[in-house]
Amino acid sequence: MDKALNGIRIVDMTQFEAGTSCTQMLAWLGADVIKVENPGGGDPGRTIAGSPGDSNYFLNFNSNKRSVTLNLKTERGKELLLDLVKQADVVTENLSPGAIERMGLGYDTLSAANPRIILARIKGFGTYGPYSNIKSFDPVAQAAGGAFCATGEPDGPPMKPGHSVGDSGTGMHALVGILAALWQRQTTGKGQQVEVSMQDAMVNFGRTTMTRSEQGTVPQKRTGNSFGNRPGVGTFRCAPGGYDDYVYMISFPARGPMWSALADALGRPDLLDDPRFSDPEQYMEMGEEINALIESWTMQHDKFEVMRILGDMGIPASACFNAMDIYSDEHLLEREMIVSVDHPTRGKFKVPGCPIKLSDSQVDFKAAPLLGEHNAEVLGELLNGNGETIESLRLEGVI
C-alpha cells in the first residue's frame, strides 16, 4: 500500500523537539525524511540528560527517519547539502535565530538550487518582530503564549503545564503549513517559506482561555482543575489513594442529565429531590459539600473503575493516566499509540505511535536512526560517478 506522502523528500535540519516532532509526523505519513546531523555528535537531543547512547528523548522524536552526517562548516559539506536540496521537496530547520543565514544556506541560496523547494522554519519568536532575536525552549514559549498565566490555582502563581505543547504543538502547526505549501506548489510550481513561531502557536492554542479576558481588557483568572470552581468538576481521589490515584470528571448540578447519572452512581437518588440543587446560586455555595460527597464514593474504587462506571453512564470522566498507565493501556495499545520497535543497539523497546490514522496509509514503525547510519545509502547516490567516496569524505572531515 502506498503511503500518503510517498515520493516527498524532506531534508531535515531540525533538532531537539519542535522541529523533529514535525518531521517525524511527515515520516510516519510516508515522506522520506533525511536527517542531516553534525558529524561531531549529531542532534543534541541524542545525549540529552547525559545519556551515554541515544536518549529515550531522541528515540521518541526521530523514528522512521534516515540519518546522514555533514559538516556544514566545510564547503564540500554545503555542496553536498545543496545536492540533496536539488532532489528534495522541503527543508526544515529550527536552529537559533540567524544561524542558517550565517551558514550561507538561507532561502535565497536554497531556492537558487531548487526553485520548488519549501523552507519550513520554526523559531521561538519568528524571524521578525521585536522579540525575534530571543532564543526559546518549550517553557519560554508557553510563558510567552499565555499558557503559564492560564495554569495554576486561583490563589497561586502562574505554573508551567506538564506536557511540552510549546515544542510539539508548534511542530504540528509547522506540519500543517508544509502540507499547505506542498498543495499550493501543485498550482504555482514554486516553493515558498513556511514560518511558525512558538509563541504564535501557543497563542493559537490559548483561544479558549482568552475568551475570558474580554478581548484583552482584563487578565483571565486561573481556575485550577475546575471550570470557575464549579462543584462536581475537577480531580477526585480514588482507591488506594496513591500519588496518581485520581479521576477527573465533569458533572455538576446545572447539567441535569449528568447530575442525575452521578446521583445514581453515588447511590444517592434523593439528591435529585433536594431543592438546593435547583438553585444555581445555592449549589455553587455548596461546592465543598458536593465534592466531599463525590470523593467519598470515588475513594471506594480505583481510578479506572470510576472511569468505566461514569463513562457508561454518560458522564465525561477519565482516570488521570501517568506514564506507566499509558505504556500499558489496552486502549492505547489497540490504537497503536504505543508500539514496539527494534533498534540496532537497544533491541526491542516501546515508543509513542502516530496519532493520525489514515485508512489507506498505514504506518510501518521503525526505530530512530543511528548517527550517520544512512551515509552510504543516501550520499552514495550523490557521489555516483564522480570518483569521490564515503571514506574520502570521512577522512576530509566532511562526514
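These numbers come from a predicted model, not from an experiment. Positions within a chain are numbered from 1, following the residues in the order the chain's sequence is written. In view of the model being predicted, local features appear only for residues whose pLDDT reaches at least 70, and side-chain atom pairs are presented and counted only at 80 or more, with totals across whole chains, interfaces and linings using the full set of residues. Excluded from the side-chain calculation are hydrogens and water; included are all heavy atoms of the structure.

### A look at the side chain of Ser 251
Here comes step 1: Only DSSP runs of H or I with at least four residues qualify as helices, and only runs of E with at least two residues qualify as strands; both kinds are numbered from the N terminus onward. Position of Ser 251 relative to the elements: it lies in the loop between strand 8 (246–250) and helix 10 (256–266).
Here comes step 2: For Ser 251, a relative accessible area of 0% corresponds to the buried category. Think of it in three bands: with a 1.4 Å probe and only protein chains considered, a residue is buried below 20% of the maximum accessible area for its type, exposed above 50%, and partly exposed in between.

### As for the packing of helix 7 (residues 165–188) against helix 8 (residues 198–205)
Here comes step 1: Relative orientation of the contacting elements helix 7 and helix 8 amounts to 90 degrees, with a least axis distance of 9 Å. Relative to helix 8, the element helix 7 lies roughly perpendicular. Note on element contacts: helix 8 touches helix 7 through Met 198, Ala 201, Met 202, Asn 204 and Phe 205, opposite Val 165, Gly 166, Asp 167, Gly 169, Thr 170 and His 173.
Here comes step 2: Residues are grouped as follows: Ala, Val, Leu, Ile, Met, Phe, Trp, Tyr, Cys and Pro are nonpolar; Asp, Glu, Lys and Arg are charged; all remaining types, including Gly, are polar. Of the residues assigned to the contact of helix 7 with helix 8, the class counts are five nonpolar, five polar and one charged. The axes used here are C-alpha line fits, helices contributing only the stretch in contact, and every angle between their N-to-C directions lies in the interval 0 to 180 degrees. Should an angle fall under 35 degrees it is called roughly parallel, over 145 degrees roughly antiparallel, and 65 to 115 degrees roughly perpendicular, with every other angle called oblique. Between two residues, a contact is recorded if the distance between any of their heavy atoms is within 4.5 Å.

### Notes on the packing of helix 10 against helix 12 (residues 287–298)
Here comes step 1: Where helix 10 contacts helix 12, the two axes come as close as 10 Å, and the packing angle between them is 50 degrees. Judged by the inter-axis angle, helix 10 sits oblique to helix 12. As for the relative orientation of helix 10 and helix 12, their crossing is left-handed in sense. Between helix 10 and helix 12, the contacting residues are Trp 259, Leu 262, Ala 265 and Leu 266 on the first element and Ile 290, Leu 293, Ile 294 and Trp 297 on the second.
Here comes step 2: When the residues that make up the contact of helix 10 with helix 12 are grouped by side-chain class, the tally is eight nonpolar, no polar and no charged. Two helices cross in a left-handed way if the nearer one is turned anticlockwise from the farther one by less than a right angle. They cross in a right-handed way if the turn is clockwise.

### Description of unusual backbone geometry
Here comes step 1: A cis amide bond, omega 5 degrees, links Ala 239 with the succeeding residue Pro 240.
Here comes step 2: By the element assignment, Pro 240 lies in the loop between strand 7 (233–237) and strand 8.
Here comes step 3: A positive phi is found at Phe 16, a non-glycine position, where the angle reads about 60 degrees.
Here comes step 4: Looking at where Phe 16 falls in the secondary structure, it is placed in the loop between strand 1 (9–13) and helix 1 (18–28).
Here comes step 5: Even without being glycine, Gln 215 reaches a positive phi, approximately 55 degrees.
Here comes step 6: Structurally, the position occupied by Gln 215 is in the loop between helix 9 (207–210) and strand 7.

### Focus: the sheet that holds strand 1
Hydrogen bonds between backbone atoms are what pair the strands of a sheet, whose relative direction is either parallel or antiparallel.
Here comes step 1: At least two DSSP bridges between two strands are required for those strands to pair. With parallel pairing, the six strands of this open sheet are ordered in space as 3-2-1-4-5-6. In this open sheet, the two edge strands, each paired with only one partner strand, are strand 3 (66–69) and strand 6 (193–197). Neighbouring strand axes in the sheet, compared pairwise and without regard to direction, differ in orientation by 20 degrees on average.
Here comes step 2: Pairing of strand 1 with strand 2 (residues 32–37), which is carried by four bridges, proceeds in the parallel orientation. Of the residues in strand 2, the one forming a bridge with Arg 9 is Asp 32.
Here comes step 3: The sheet contacts of helix 7 involve strand 4 (90–93), strand 5 (118–123) and strand 6, and relative to strand 6 the element is tilted by about 160 degrees.

### A short note on the nonpolar core
Here comes step 1: In this structure, Ile 10, Leu 26, Ala 31, Val 90, Ile 178 and Phe 365 are the most contacted members of the largest nonpolar core, which totals 39 residues.
Here comes step 2: Among the secondary structure elements, those contributing two or more residues to this core are helix 1, helix 2 (56–61), strand 5, helix 7, strand 6, helix 8, strand 10 (338–343) and strand 11 (347–352).
Here comes step 3: Ranked by residues supplied to this core, first place goes to helix 1 with six residues.
Here comes step 4: Residues in contact with Ile 178, not counting those within four places in the same chain, are Cys 22, Leu 26, Val 90, Thr 92, Ala 120 and Val 194.
Here comes step 5: Among buried residues, the Ala, Val, Leu, Ile, Met, Phe, Trp, Tyr and Cys ones that are joined through side-chain atoms within 4.5 Å form a nonpolar core. Counting 28 residues, the second largest nonpolar core, distinct from the first, contains Leu 70, Val 85, Val 91 and Val 398.

### Remarks on helix 16 (residues 375–383)
Here comes step 1: Where helix 16 is concerned, the buried positions are Asn 375, Val 378, Leu 379, Leu 382 and Leu 383. For helix 16, the arc enclosing every buried residue in end-on projection is 130 degrees, short of the 170-degree limit, so these residues lie on one face.
Here comes step 2: Where the residues of helix 16 are buried, they touch strand 2, strand 3, helix 3 (75–86) and helix 17 (390–395). To be clear, the arc concerns the directions from the helix axis to the C-beta atoms.

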